[in-house]
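For reference, the chains in residue letters:
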Amino acid sequence: MTTNAWIQISLYLALLVLLVKPLGQYMARVFDGLPCGLDRVLGPLERLIYRVAGVRAEDEMNWKTYAAAMLLFNFLGFAVVYGVQRTQQWLPLNPQNFGAVTPDSSFNTAVSFATNTNWQGYGGESTMSYLTQAVALTVQNFVSAAAGLAVLVALVRGFRRRPAATSSRDATAATALAPIGNFWVDLTRSTLYILLPLSLVLALALVSQGVVQNFSPYHTAQLVEATTDAEGKPVTEQTLPQGPAASQIAIKQLGTNGGGFFNVNSAHPYENPTPLANLLELLSILVISAALCYTLGVMINDTRQGWALLAAMLVIFIPLVVVCGWMEQRGNPALTAAGVEQHSTPLQDGGNMEGKETRFGVPNSVLWASATTAASNGSVNSMHDSFTPLGGLVPMVLIQLGEVVFGGVGSGLYGMLAFAIITVFVAGLMVGRTPEYLGKKIEAYEMKMASLVILFPPMIVLLGTAVAVVLPDGVKSMANHGAHGFSEVLYAFSSAGNNNGSAFGGLSANTPFYNTALGIVMLIARYWLAIPMLAIAGSLAAKKYTPVSAGTLPTHRPLFVIMLASIVVLVGALTFIPALALGPIVEQLQMLQG
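No experiment lies behind these values; they were computed from the predicted model shown. (Residues numbered from 1 in each chain as written. Predicted model: local features only at pLDDT ≥ 70, side-chain atom pairs only at ≥ 80, totals over all residues. Heavy atoms only, no water.)

Asker: Quick one: what's the story with the overall build of the protein chain, residue by residue and with numbers?
Answerer: The helix and strand tally for the protein chain stands at 20 helices and four strands. Taking 25 Å as the expected radius of gyration for a compact globule of 594 residues, we find that the protein chain reaches 24 Å, a close match to that expectation. When the backbone C-alpha atoms are referred to their principal axes, the protein chain occupies close to 80 × 55 × 50 Å. For the protein chain, buried positions account for 57% of its 594 residues. (Helix = DSSP H or I, 4+ residues; strand = E, 2+ residues; numbered from the N terminus. Rg over C-alpha atoms; globule rule 2.2 N^0.38 Å. Buried < 20%, exposed > 50% of the residue type's maximum accessible area, 1.4 Å probe, protein only.)

Written out as structure tokens, the structure is:
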């Protein structure tokens, strides 16, 4: 890797870590209902929302009621997005007169945005009206991210609850009744005090860099030099899409949504026009997920635990970024053998530049690809399909690890906490110590629920991939066959099955088969993980606090950090190495053989 690459990656990571403590402290105050500064301005609006909705902020829910509220709210969001797409031709703010979106595409998109996955099988500027983009999709970007934050906060409360008495005769009843907060309050505070203010600031910054934000009809520009289309006909003009893009781009990054306003996402100059815009968007992808580690530490009154979880994420993330950057800057050996220059120059990073914007180069393309797949974001500023085989393997692996290396806002950290529960249990079996985590004993119930969280994503990813590569409807959408075509299908189901949303490319996924199959996978990946985590929250909330003793495994030291990172990598490797061997690994060997 070049010196320029090392500097850019190091600068990015330094800025990210510097933002963790202040933002994490602020979010902890928001979730605990403490003064946070913005409450003086937004407090009356928060209370008005509760009065209009009939919510009593002081009333807490048990885990089953909390889960039911989450599911109801997300179903209503799904219904709204689906309905708006199917009727957008009759609704206002449609200057291009786009017709209704097909039923299968509407289903896929509604599921995608309601679950915070934001997989896109459509071209935004040629499919969605301004009303659909702003009212349906952007709103879901806010509330689906807020739902993930709410589930995390409920889990954190489960760890820190100190029940006055715990029933030893009926643990199940105690778990069912233990309060873990109020979903409607957590949803409102996440949106009002965290996502909206940050999105407003970022949207204004992006507008200053040239990201479009208007409701104008599309413009037509005359080309300076005429060209021809695929059929050889002369082309003398170009259509320039417009729209309220900046407002959607801001929350798509901050909420780890990733759904682009335009088809090529953050590679489009109207979404990501300058290096500064690129840096701001890159920081916003990871900043909330990283800061939530510190929020956890503040809320349980032990910030060392939060730093340990962040360290485990970085232990996995940094080496994978370096591997991806190294593979991409080496370039394609087949092109080198053909005499194509791929070395760096003072003005341009060399290496594999296919599918990458020259204004970002290899380092920023690699950093974005790694951050967006680590964070369950899914936006792209380069085409992963054009990466070298092992370079493209890195974002695929980051997704397949379960989106717990930062992960989605809320969902990433509660996924990592599931791995932490498994780690302390495994460590207890190895060294004979009591399996405890953050003051609560880890018993059979927590292990069963954590196991569901770990097992469901790989199960649906591998099953969906297997079905797609043997059915004619799945195979005919593949632009490439052999190892690369298999990688495209595996990446698509990995993305949908882990709430990422990015696409490898080369796969025509806007078909009834893929829209339906990926939609079902996205539903399972979101809710069959969130519900077990809420069940764990209820169980932990009913348990009495266990003071630290000589038999307690310290979970804030380097040893535990390495153990946790190792468990995450080991589970991912054992699950996906056989599939990866059929895709990017064998493709790398084929490339080396020319």
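Asker: I'd love a proper account of the pairing of strand S1 (residues 219-228), names of residues and values included.
Answerer: In terms of residue burial, S1 counts as a barely covered element, since only zero of its 10 residues are buried. Where S1 folds back on strand S2 (residues 234-240), the antiparallel hairpin that results is connected by five residues, among which glycine 232 adopts a positive phi of roughly 85°. (Pairing = 2+ DSSP bridges.)

Asker: Could you give me a rundown of the packing of helix H3 (residues 63-87) against helix H8 (residues 183-209), with the residues and numbers involved?
Answerer: For the pair H3 and H8, interaxial distance at closest approach is 9 Å and the crossing angle is 55°. Accordingly, the angle class assigned to the pair H3 and H8 is oblique. Mapping the contact onto sequence places Tyr66, Ala69, Met70 and Phe73 in H3 and Phe183, Trp184, Asp186 and Leu187 in H8. Along the lines of polarity and charge, the residues of the contact of H3 with H8 split into seven nonpolar, no polar and one charged. (Axes fitted to C-alpha atoms, helices over the stretch in contact; angles between N-to-C directions. Parallel < 35°, antiparallel > 145°, perpendicular 65-115°, else oblique. Contact = heavy atoms within 4.5 Å. Nonpolar A, V, L, I, M, F, W, Y, C, P; charged D, E, K, R; others polar.)

Asker: Before we move on, could you go through helix H10 (residues 275-299) and cite the residues and values that matter?
Answerer: Between its first and last C-alpha atoms H10 spans 36 Å; for 25 residues at 1.5 Å apiece the expected length is 36 Å, and the two agree. Looking at the residues trailing H10, positive phi occurs at asparagine 301, about 65°. (Expected span 1.5 Å × (residues − 1).)

Asker: So, the nonpolar core: which residues are in play, and what are the values?
Answerer: Ranked by internal contacts, the top residues of the largest apolar core, which has 167 residues, are Ile288, Phe406 and Tyr437. Per element, the largest residue contribution to this core is 18 residues, and it comes from helix H19 (residues 512-541). Among residues more than four places away in sequence, those in contact with phenylalanine 406 are Leu16, Leu286, Ser289, Ala290, Leu310, Met313, Leu314, Phe317, Ala374, Ala375, Gly412 and Leu413. In terms of nonpolar packing, the next biggest core, distinct from the first, is built from nine residues, Val81, Val84, Ala110 and Ala136 among them. (Core = buried A, V, L, I, M, F, W, Y, C linked by side-chain atoms within 4.5 Å.)

Asker: Can you break down unusual backbone geometry residue by residue, with the values?
Answerer: At leucine 93, a position not held by glycine, the phi torsion is positive, near 55°. Within the element layout of this structure, leucine 93 appears in the loop between H3 and helix H4 (103-114). Here leucine 438, not a glycine, exhibits a phi torsion of approximately 55°, which is positive. Under the relative-accessibility criterion, leucine 438 is labelled buried at 15%.

Asker: Kindly report on helix H14 (residues 389-400), identifying the contributing residues and their values.
Answerer: Between the first and last C-alpha of H14 there are 16 Å, a value that for 12 residues agrees with the 16 Å anticipated at 1.5 Å per step. For H14, the tally of buried residues reaches 11 of 12 residues, placing the bulk of the element in the interior. Residues of H14 that are buried: Pro389, Gly391, Gly392, Leu393, Val394, Pro395, Met396, Val397, Leu398, Ile399 and Gln400. Those residues of H14 that are buried lie in contact with helix H11 (303-330), helix H13 (361-374), helix H18 (482-497) and helix H20 (558-592). Of the residues one or two after H14, glycine 402 is the one with positive phi, at around 105°.

Asker: Please provide a residue-by-residue account of the pairing of S2, values included.
Answerer: Note: S1 against S2, six bridges, orientation antiparallel. Paired with threonine 228 across the two strands is proline 234, which belongs to S2.

Asker: Please set out the confidence of the model for the protein chain residue by residue, giving values where relevant.
Answerer: Per-residue pLDDT for the protein chain averages 91, and the proportion of residues at 70 or more is 96%. Averaged pLDDT values over the elements of the protein chain bottom out at 63 in helix H7 (residues 171-177) and peak at 97 in H8. (pLDDT = per-residue confidence, 0-100.)

Asker: Before we move on, can you summarise the pattern of salt bridges with the specific residues and values?
Answerer: Applying the stated criterion across every chain, the model contains 14 salt bridges. Residue aspartate 59 is joined to arginine 56 by a salt bridge in which the shortest nitrogen-to-oxygen separation is 2.9 Å. Close ionic contact of glutamate 443 with lysine 543 constitutes a salt bridge, the shortest N to O distance being 2.7 Å. Taken together, the residues glutamate 443 in the loop between strand S4 (440-441) and helix H16 (444-468) and lysine 543 in the loop between H19 and H20 connect sequence positions 100 residues apart. Judged by its relative accessible area of 43%, glutamate 443 falls in the partly exposed class. Here the salt bridges share partners, and the residues they tie into one network are Arg56, Glu58 and Asp59. (Salt bridge = Lys/Arg side-chain N within 4 Å of Asp/Glu carboxyl O.)

Asker: Break down the packing of H16 against H18 for me, citing the residues and quoting the values.
Answerer: At a closest axis distance of 9 Å, the pairing of H16 and H18 adopts a crossing angle of 145°. In this structure, H16 meets H18 at a crossing whose hand is right-handed. Each of Pro457, Ile460, Val461, Gly464, Thr465 and Ala468 in H16 lies in contact with H18, whose residues at this interface are Phe486, Val489, Leu490, Phe493, Ser494 and Gly497. (Left-handed = near helix turned anticlockwise from the far one by under 90°.)

Asker: I'd love a proper account of the packing of aromatic side chains, names of residues and values included.
Answerer: Taken as a whole and assessed by the stated rule, the structure comprises 19 aromatic pairs. Judged by centre distance (5.6 Å) and plane angle (85°), the ring pair of tyrosine 66 and phenylalanine 183 falls under edge-to-face. You can see tyrosine 66 sitting in helix H3 and its partner phenylalanine 183 sitting in helix H8, a full 117 residues away along the chain. Of the residues examined, tyrosine 66 reaches a relative accessible area of 0% and is grouped as buried. When its relative accessible area of 0% is taken as the criterion, phenylalanine 183 is described as buried. Between phenylalanine 513 and tyrosine 514 the ring centres are 4.9 Å apart and the planes differ by 80°, which places this aromatic pair in the edge-to-face class. Across the pair, tyrosine 514 and phenylalanine 513 agree in class, each one buried. Here the aromatic residues Tyr66, Phe73, Phe183 and Trp184 are joined through ring pairs into a cluster of three or more. In this structure, lysine 356 packs its charged tip against the face of phenylalanine 387, placed 4.2 Å from the ring centre. (Phe/Tyr/Trp six-rings, centres within 6.5 Å; stacked < 30°, edge-to-face > 60°. Lys NZ or Arg CZ within 6 Å of the ring centre and 35° of its normal.)

Asker: Provide a residue-level description of a nonpolar patch on the surface, including the pertinent values.
Answerer: A cluster of nonpolar side chains, contributed by Leu45, Leu48, Ile49 and Val52, occupies part of the molecular surface with about 340 Å² of accessible area. Topologically, leucine 48 is positioned in helix H2 (residues 39-53). (Patch = residues over 30% accessible without salt bridge, like charges linked within 9 Å, V, L, I, M, F, W, Y side chains within 5 Å. Areas by Shrake-Rupley, 256 points an atom, 1.4 Å probe, with all protein chains shown as cover.)

Asker: Give me the lowdown on the environment of valine 380, citing residues and values where you can.
Answerer: Structurally, valine 380 is set in the loop between H13 and H14. Classification of valine 380 as buried rests on a relative accessible area of 10%. Put simply, valine 380 and alanine 369 are 11 residues apart on the chain and 6.5 Å apart in space, counted from C-alpha to C-alpha. Setting aside anything within four residues of it in sequence, one finds valine 380 in contact with Val264, Asn265, Ser266, Ala267, Trp368 and Ser502.

Asker: Can you break down the environment of serine 266 residue by residue, with the values?
Answerer: Tracing the chain through its elements places serine 266 in the loop between helix H9 (245-254) and H10. A residue is classified by how much of its surface remains accessible, and serine 266, at 0% relative accessible area, is buried. Distance in space between the C-alpha atoms of serine 266 and tyrosine 491 is 19 Å, their sequence separation being 225 residues. Residue contacts for serine 266: discarding those within four places in its chain leaves Lys252, Gln253, Glu271, Asn272, Glu281, Arg359, Phe360, Trp368, Ser379, Val380 and Asn381. A polar atom in the side chain of serine 266 sits 3.5 Å from the side chain of glutamate 281. (Polar contact = N/O pair within 3.5 Å; in protein donor to acceptor, adjacent residues only side chain to side chain.)

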